[in-house]
Structure formats: C-alpha cells, structure tokens
Amino acid sequence: SAVISQKPSRDICQRGTSLTIQCQVDSQVTMMFWYRQQPGQSLTLIATANQGSEATYESGFVIDKFPISRPNLTFSTLTVSNMSPEDSSIYLCSVNRAPNEKLFFGSGTQLSVL
Amino acid sequence: SQQGEEDPQALSIQEGENATMNCSYKTSINNLQWYRQNSGRGLVHLILIRSNEREKHSGRLRVTLDTSKKSSSLLITASRAADTASYFCATGGEFQGAQKLVFGQGTRLTINP
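The rules behind these values
- Positions within a chain are numbered from 1, following the residues in the order the chain's sequence is written.
- All chains are assigned letters beginning at A, and all ligands numbers beginning at 1, according to the order in which they are written.
- With the structure being a predicted model, the display of local features is reserved for residues of pLDDT at least 70 and the display and counting of side-chain atom pairs for 80 or more, all residues being used for whole-chain, interface and lining totals.
- Only hydrogens and water are removed before side-chain values are computed, so all heavy atoms of the structure are retained for them.
- Helical segments are the DSSP runs of H or I of at least four residues, strand segments are the runs of E of at least two, and each set is numbered from the N terminus.
- Put simply, the radius of gyration uses C-alpha atoms, and a globule should come to 2.2 Å times the residue count raised to 0.38.
- Exposed residues in this analysis have more than 50% of their type's maximum accessible area, buried residues have under 20%, and partly exposed residues fall in between, with area computed by a 1.4 Å probe over protein chains only.
- The contact criterion used is simple: two residues touch if any of their non-hydrogen atoms lie within 4.5 Å.
- Here, Shrake-Rupley sampling with a 1.4 Å probe gives the accessible areas, and only protein chains in the shown set may cover a residue.
- His is not counted here, nor are the chain ends, while Lys and Arg score as positive and Asp and Glu score as negative.
- All charge positions are set by atom: Lys at NZ, Arg at CZ, Asp at CG, Glu at CD.
- A pair of strands is treated as paired once DSSP finds two or more bridges between them.
- Fitting a line to C-alpha atoms yields each axis, with helices limited to the stretch in contact; the angle taken between N-to-C directions then spans 0 to 180 degrees.
- For this text, the term disulfide refers to a pair of cysteine sulfurs within 2.5 Å.
- By convention, the term buried area covers the 1.4 Å-probe accessible surface removed from two parts as they join, with the contributions of both added.
- One side-chain nitrogen of Lys or Arg within 4 Å of one carboxyl oxygen of Asp or Glu is enough to make a salt bridge.
- Nitrogen and oxygen atoms within 3.5 Å of one another constitute a polar contact, given that in protein one can donate a hydrogen and the other can accept it, and given that sequence-neighbouring residues count only through two side-chain atoms.

Chemist: Would you mind showing me how to read the overall build of chain A here?
Modeler: Along chain A, the regular secondary structure elements total zero helices and 11 strands. Radius of gyration (C-alpha) of chain A: 13 Å, near the 13 Å computed for a compact globule of 114 residues. Each principal axis of the C-alpha atoms in chain A carries an extent, and together these give about 40 × 25 × 20 Å. Counting every position in chain A, which comprises 114 residues, the buried fraction comes to 51%. Sequence-distant contacts, at least 24 apart, represent 53% of the contacts inside chain A between residues at least 6 apart. Summing over all exposed atoms, chain A offers an accessible surface of approximately 5200 Å²; the carbon and sulfur share of this is 49%. Taking the average location of the 8 positive side-chain charges in chain A and that of its 8 negative ones, the two points are 6 Å from each other.

Shown next, in the form of structure tokens:
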C-alpha cells in the first residue's frame, strides 16, 4: 500500500493567481500521477511525473499552465498557473507500484477560482 | 475521449438491496479496476480483474468481466448506507502509446435507509 498526504485540501483563489499543490508519499515510488476532476465529471489524467525527468503531459495539458516538479521519489508538486474559473476542480495525486496496477490516491485538493 | 462508459449514471436503492453497475469499454485491456469516491475526495481502490479472469469476489463485491462484449459489472450485495458514493471503472492498457489507466464517467449510488 501507499499513504499519500496531499495539501492543501481546499483553497479559494482569485483569477490570475497560481496555486501549488503538494503530494507526499510514505515510500519511494517511480511514477506519480496528477488528475483533474471537474465538477460532476470523471478523472482526467493531467500528467505523469517521473523523478529526475520532465513530466509527460496528456493531450490538452501544457507545462506552462500546469508545471510539475518531482525532486525525489516521495514528493511532487503541481502548480495551477494563471487561474481562471474554468480551473475550478478537484486535483488528485496518485501512485502505483507497477504499470496499470491499482492506484493509491491522495485526499484531493478542492480548488475554487473566483 | 473516455474509454469507459458506465451505466446507470445514478442509482438509488433501499438499504439491504443489491446494486449493480455496468461499465463498457472500447479497446483491448490488460485489466479493469473499480474505485469508490466519497464526497468528491480521493478514490479508494476496490477490486482489480485481469483480462484473463471472468469473475472476482471481495467481501460483498462481485465483479464480472466479459472481454468479448468489452463490458464489466460491479455488484454490491446487501447494500448499506455507508456504500453511498460514486463508483468508477478504470481500464488498464496501452492507450496512445503508453500504459495508463482511463476512468469511466462513474455511477452515483445512493442507499436510502
């Protein structure tokens, strides 16, 4: 298993500002995943973060908008930059122990942009 | 686009009844997983069924997989109020050149006392 601490749990932000979300895992993992869940919707993968290399972004997501850091095997951050109301979502980090095996999730960050 | 389509989108039943949710997908998969999400927070993994398996049980959960029909079902027996949550299927396989999990739209389950 894996225990993931994600913070902040929620935030209300002003348009045009940026928010950095932190994700700490209790053990070393190779890959960490960042998901977005828009209101009433399913999860959409934003990017996969590998330690020591650039994150791999999914179609529709770009590094300038969602920069990701992965300084070591237990920690990652996702920044939502230059926010607009359309960025209001739940952001979730997750990890697994092997490709396509079960994911362990953080408790999520509920972001509201005014 | 999302790989998984789930139905129903919402389901409301009485406590003690069984709840069945279905998931259909489009491409070949390595496995299919079911997750629960309470109140829009982090997801909890429930069960994983591999492409060469047809049925799997875990407590009150029963999952079936029909790869010929590209569909799966999740049955929760003897439902409880605490089962109220959203349930998502996720298909594991190679999509767009990479191994990844793709989530379905989810079923919102409400258990009425």
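Chemist: Help me understand the sheet that holds strand 3 (residues 19–24) of chain B, please; the structure alone is not making it clear to me.
Modeler: For sheets, the rule is that strands pair by backbone hydrogen bonds, running either parallel or antiparallel. All names here are of chain B. Spatially, five strands are ordered 1-3-8-7-6 in an open sheet, and the strand pairing comes out antiparallel. Sheet topology places strand 1 (5–7) and strand 6 (55–58) at the edges, where each strand pairs with a single neighbour. When the angles between neighbouring strand axes are averaged without regard to direction, this sheet yields 15°. Two strands pair when backbone bridges link them, and strand 3 and strand 8 (residues 71–76) are joined in this way by six bridges, in the antiparallel orientation. In the strand pairing of strand 8, C23 is matched with S72.

Chemist: I tried to follow the state of the cysteines on my own but got confused; where do I start?
Modeler: Chemically, a disulfide is nothing more than a covalent bond linking the sulfur atoms of two cysteines. All names here are of chain A. Counting across every chain of the model gives two disulfides over all chains. Paired through a disulfide, C23 and C93 show a sulfur-sulfur distance of 2.0 Å. Judged by the sign of its S-S torsion, about 70°, the cystine formed by C23 and C93 is right-handed. Within this pair, whereas C23 is found in strand 3 (residues 19–25), its partner C93 is found in strand 9 (residues 89–95), the two being separated by 70 residues in sequence.

Chemist: Sorry, what's going on with the sheet that holds strand 3 of chain A here?
Modeler: Residue and element names in this part refer to chain A. In space, the four strands of this open sheet follow the order 1-3-8-7, with antiparallel pairing throughout. Each edge of the open sheet carries a strand with a single partner, namely strand 1 (4–7) and strand 7 (68–72). Across the sheet, the axes of successive neighbouring strands diverge by a mean angle of 15°, strand direction being ignored. In this structure, strand 1 lies alongside strand 3, joined through four bridges in antiparallel fashion. What sits directly across from I4, in strand 3, is V25.

Chemist: Sorry, what's going on with the interface of chain B and chain A here?
Modeler: A common way to report how large an interface is uses the accessible area buried once the components associate. Chain B puts 23 residues into the contact, and the matching count from chain A is 21 residues. Broken down residue by residue, the surface that chain B buries against chain A is led by R41, L43 and F103 of chain B, which jointly contribute 31%. Joining chain B to chain A, the criterion identifies one salt bridge. The partner of E101 of chain A in a salt bridge is R50 of chain B, and the shortest N-O contact between them spans 3.0 Å.

Chemist: How should the pairing of strand 6 of chain B be read in this particular structure?
Modeler: The side chains of a regular strand alternate between the sheet's two faces. Residues and elements named next belong to chain B. Strand direction decides the pairing type here: strand 6 and strand 7 (residues 61–66), joined by four bridges, are antiparallel. Paired with H57 across the bridge in strand 7 is R62. Hairpin geometry of strand 6 and strand 7 is characterised by an intervening segment of two residues between the two adjacent antiparallel strands and by a positive phi of about 60° at G59.

Chemist: Explain the pattern of salt bridges to me, please; I cannot follow it from the model alone.
Modeler: Pairing between side chains of opposite charge can happen when their charged atoms approach one another. Under the counting rule described, the total for this entry stands at five salt bridges over all chains. Between K65 of chain A and D87 of chain A there is a salt bridge whose closest N-O contact spans 2.7 Å. Highlighted residues: K65 of chain A in the loop between strand 6 (56–57) and strand 7 and D87 of chain A in the loop between strand 8 (75–80) and strand 9, separated in sequence by 22 residues. The salt bridge partner of E53 of chain B is K56 of chain B, with a shortest N-O separation of 3.9 Å.

Chemist: Is there a simple way to explain the side chain of S76 of chain A in this structure?
Modeler: Residue and element names in this part refer to chain A. Its location among the elements puts S76 in strand 8. For S76, a relative accessible area of 0% gives the class buried. One polar contact links the side chain of S76 to the main-chain carbonyl oxygen of S69, over a distance of 2.9 Å. Excluding residues within four positions of it along the chain, S76 makes contact with I21, Q22, C23, M32, W34, A49, I68, S69 and R70.

Honestly, that's just the spatial picture; any functional story needs more than this.
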